[in-house]
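# Examination of the molecular architecture
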Amino acid sequence: MICGRDHGDQNTAQIVDLGFTLHRRRRNRLLKSVVQTEMDEQGCPRCKTTKYRNPSLKLMVNVCGHTLCENCVEMLFVRGSSNCVQCDTPLRKSNFRVQLFEDPTVDKEVEIRKKVLKIYNKRDFDFPSLREYNDYLEQVEDIVYNLTNNVDVENTKLRMEQYQRENRDVIQRNKAKLTREQEELEELLLQEQQSNEQRRLEVLQEEQRQLQAKRKNKQALLDELEQSQLPATLLLAQHKVRAAQLETQIEQQKQAVKPTSLFSTGIHMRQTVSLQPVTKIEDVLYHYRPLQVETYGPPVPELEQLGRLGYLNHVRAAVTQDTAGGYTSGLACYRAIQDAFSGLFPLRG
Amino acid sequence: MKLNIEGLLVYFPYDYIYPEQYSYMLELKRTLDAKGHGVLEMPSGTGKTISLLSLIVAYQRAFPLEVTKLIYCSRTVPEIEKVVEELRKLMEFYTKETGESNNFLALALSSRKNLCIHPEILHANIVVYSYHYLLDPKIADLVSKELAKKSVVVFDEAHNIDNVCIDSMSVNITRRTLDRCQTNVDTLQNTIHKIKETDAAKLREEYRRLVEGLKEANVARETDIYLANPVLPDEILQEAVPGSIRTAEHFVGFMRRFLEYLKSRLRVQHVVQESAPQFLKDIFEKVCIDRKPLRFCAERLQSLLRTLEIADIADFSAVTLISNFATLVSTYSQGFTIIIEPFEDRTPTIANPVLHFSCMDPSIAIKPVFQRFQSVVITSGTLSPLDIYPRILDFRPVTMASFTMTLARTCLCPLIVGRGNDQVALSSKFETREDFAVIRNYGNLLLEMSAIVPDGIVAFFTSYVYMENIVASWYEQGILENIQRNKLIFIETQDAAETSMALEKYQEACENGRGAILLSVARGKVSEGIDFVHHYGRAVIMFGVPYVYTQSRILKARLEYLRDQFQIRENDFLTFDAMRHAAQCVGRAIRGKTDYGLMIFADKRYARADKRGKLPRWIQEHINDGSLNLTVDEAVQLSKHFLRQMAQPFRQEDQLGLSLLTLEQLESEEMLQKITQIAHQT
């Protein structure tokens, strides 16, 4: 089938042609993608401006989840408050936010969710079991869903208020706390940051070291060439060997420099430490009640009375060395009398 | 013939055997005995497949309780067909020799439309299918979940396995994916509404199940019935689905928020690169999505799709992709990176934002395989350097061996051409890309070769762009015209249909004696899957070193990760990657011992020890000092000499006793000693 030179020429033509088709195909694909993004572009429902026509168009969204462009907001809300063009909800100008998402209801939902989560901020450790925590999470989700989709708004709001009243302490306490997952995340981020920083420092130091070593080596060669009697080729060869050695040395010298990231107390340096006061323990005050000892014998005279009653007359007085430790002759006498008096009466009953 | 391999009776369906096959089986048996993993490199065309099959089948018969199943993974459909063909031969031999009809059941899964989910698969002794069935979490969950623990897994042609692993875990999200996902979510919502009116009990039943948690799956995993799925992390199984996504409506709302968040992220003006924790933190701040529900996302979606009884899951591929992404990003804090590019590098004026969630750690995808199966064998014609594979795949092999090709005549001739006739250094490095002197010398090399090499020549370039430039330049300089006096020229393009057409015509031209040159690209379709036996490829010319495009951010992130986690230096990996592709390309020409071919490396950088040392041992052995840094003229002289030698008649008897053995020859003391030297342990 294929024979002779003519076919060869045809093939060359084919080659060139192929190049063109390639380019064309690529261009078509790109054009398509441009068209698509344009179609996706949204605009202001009131003045009908689109992003394509006005690249600096800024869409805003309020609590009701309906979009308006910045200019329309400025115009309609000159007096600070007005009603939504689409759903007639009374709105304030200050509540307008830049629309982050394509679907304005998501903007609205996120707004609501943030508010709800400020109140419903119980953590997993506030519950005795995972099951209850999950039930709680679902409840929260229900509230957000209702508020976003305007289902049973009044009741839901009441429920929220009631919850807020009942759980004021918990809400207050949990305000500054992160969930366990978030803590883990923070820690990971911290680690990542540190390792990045460390790597950067290492590379920098490494470069410095290499530069210095090379400079030194070069200088040494120059010095030698100046002073030595040996032929220059030999010196150059030596230098080459040394340079190679240096290279390998540099390769090996990769000592890890550990940065200090911990305080001596074990707290991470950039960790936020909670400065809240330690919670007080409320309890009944302690009242001292003298100890009543049942001795089963005649009453023992009090320690102070021993001298007066003459018990101490026949006891060796304490010498100065003994009193240094807090010993008095009364103590020993008292102990001995207690011992002697107890258990003298027979047990009753 | 029947072989005795360290006490194991192996039926081998051919009358002759290559010494390296015997050596290969020896190593393989030791791997199976040790119940460990192995990395084995043996040149292509020396009968790797049949050695593998006959040994493992024999092992299965001898120790039916030790090894219950062979899972043979290959790369392309033609390769799978080849394996099945060999297997058939082996089975016929068994029936002939033993006289009994064998009760071996083998099964090949070729494409998704032939996908078989019959329970019979569980009882098959041999399963042959593509890598993806085991590595891609989405497919593996369907197909390979219930494979027995006592299986032997073989990855053939595994030199690219790390890339397959990475691709199977990476997710690319474009604006189109998100739009399709949006439609999916809308459909889901509508279906939920409909079902709520008609069959609310179904949703309640699902809800009850979710409250109970995913206990069933957990029991299954603990009792070790299923292969672990990297998209379904262990922690999930031990917990119930979080309350925030338990009901269907809430979950759809959750997906909607996640989707809107992704859309807002795609609206970037400049390239963003961030880690998974950074992404999670941002998503919490923007749309109040916690990490935990994200982690359950993939599983929750599957449950919902099951409950809604959606038959055509393919329609929901976009939302499945997004949910997989959610699970992966919240599960793995390391080994992945997120890169958001607002436009392609080539067209910086046209917005086409892509979110690449790219896996940098191939070991994540393959880990369940290594953990579950008692022996995993990784084998290919080009696996050099062997030690890098265990490192990047994170496993400990018990055997690592590279086998050489025993040859009766030196049938391959690697030449490294470093200079043109005018002493200009030949190189495809960036600085000399546009250098006319280099391009002219490359053209000269091809011209001279086209004059002396019979039949087909395959030339590989480093990239499509480079090829286009060079060919255009050759056309202007009139080199192309001169070449066409000798041979026809065909070109590989990025279009599959055009390429297969060119390939067909190329083979036709080789067949009828006109002679042809195929210009193709390393890493392209031709370089990976197509063999050029005998006259289809008498010479392969590799123009330049096929380094991967190093400016890509994904590659940069991966290199950084390799350096930090595995202590593999950037340059080492890049060179390794370039050399394995170069070896693949030049290996296309030699597909057996009777075949012969020139391998011309046209770049002076190949002469360096660090590059040369990374070529497979069976090629390296034939590179001597005389074939380094040649000029074009010298290469032509050597080639002429080589081709004249090779053109002499070559009979089977010449090979016997040297590179082809009968049973008696194999059992001689002297030969057994020689065989022990073939395997090169590392």
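Residues numbered from 1 in each chain as written. Chains lettered and ligands numbered in written order. Predicted model: local features only at pLDDT ≥ 70, side-chain atom pairs only at ≥ 80, totals over all residues. Heavy atoms only, no water.

Structural remark: α-helix, 3.6 residues per turn; residues separated by three or four positions point the same way. End to end, helix H2 (residues 48–62) of chain B covers 21 Å across 15 residues, agreeing with the expected 21 Å (1.5 Å per residue, within 8%). Of all 15 residues making up H2(B), 13 are buried, and the element is well covered by its neighbours. (Helix = DSSP H or I, 4+ residues; strand = E, 2+ residues; numbered from the N terminus. Expected span 1.5 Å × (residues − 1). Buried < 20%, exposed > 50% of the residue type's maximum accessible area, 1.4 Å probe, protein only.)

Glancing now at the pairing of strand S4 (residues 69–74) of chain B. Residues and elements named next belong to chain B. Across the 6 residues that make up S4, a large majority, 6, are buried. Here S4 pairs with strand S6 (residues 126–130) via 5 bridges, running parallel. Across the sheet, the residue bridging to serine 74 is serine 130, located in S6. (Pairing = 2+ DSSP bridges.)

The sites that carry the UniProt feature "domain: RING-type" (unreviewed entry) are, in the present numbering, residues 44–88 of chain A. Within residues 44–88 of chain A, the helical portion is 16% and the strand portion 20%, while the C-alpha atoms at the span's ends are 17 Å from each other. (UniProt positions renumbered as here; feature names shortened; annotations may be inferred.)

Residue and element names in this part refer to chain B. Reading across the sheet, the 4 strands line up as S8-S11-S10-S9 and stay open at both edges, with antiparallel pairing between neighbours. Only two strands of the sheet have a single partner each, and these edge strands are strand S8 (171–174) and strand S9 (272–274). On average, adjacent strands in this sheet sit at an angle of 10° to one another, irrespective of strand direction. Bridge count for strand S10 (residues 336–341) against strand S11 (residues 354–359) is 6 bridges, and the pairing is antiparallel. The residue bridging isoleucine 339 from the neighbouring strand is histidine 356, located in S11. (Axes fitted to C-alpha atoms, helices over the stretch in contact; angles between N-to-C directions.)

What follows deals with the interface of chain B and chain A. Tallying the contact residues gives 64 residues for chain B and 48 residues for chain A. Interface area, chain B with chain A, both sides summed: about 5,100 Å², of which 54% is carbon and sulfur. The largest share of the area that chain B buries against chain A comes from B:His250, B:Arg257 and B:Glu260, three residues that together contribute 11% of it. Across the salt bridge formed by B:Arg175 and A:Glu102, the nearest N and O atoms sit 2.8 Å from each other. Scanning the region where chain B abuts chain A turns up 15 residue pairs in polar contact (both at pLDDT 80 or more). (Contact = heavy atoms within 4.5 Å. Buried area = accessible area lost by both parts, 1.4 Å probe. Salt bridge = Lys/Arg side-chain N within 4 Å of Asp/Glu carboxyl O. Polar contact = N/O pair within 3.5 Å; in protein donor to acceptor, adjacent residues only side chain to side chain.)

Residue and element names in this part refer to chain B. Across the interface, helix H1 (residues 19–34) lies against helix H30 (residues 669–678) with an axial gap of 9 Å and an inter-helix angle of 70°. If you check the angle between H1 and H30, you find them roughly perpendicular. In the packing of H1 onto H30, the handedness of the crossing is right-handed. Contacts from Pro19, Glu20, Tyr22 and Ser23 in H1 reach Leu672, Ile675 and Ile678 in H30. Residue composition of the contact of H1 with H30, grouped by class: 5 nonpolar, 1 polar and 1 charged. (Parallel < 35°, antiparallel > 145°, perpendicular 65-115°, else oblique. Left-handed = near helix turned anticlockwise from the far one by under 90°. Nonpolar A, V, L, I, M, F, W, Y, C, P; charged D, E, K, R; others polar.)

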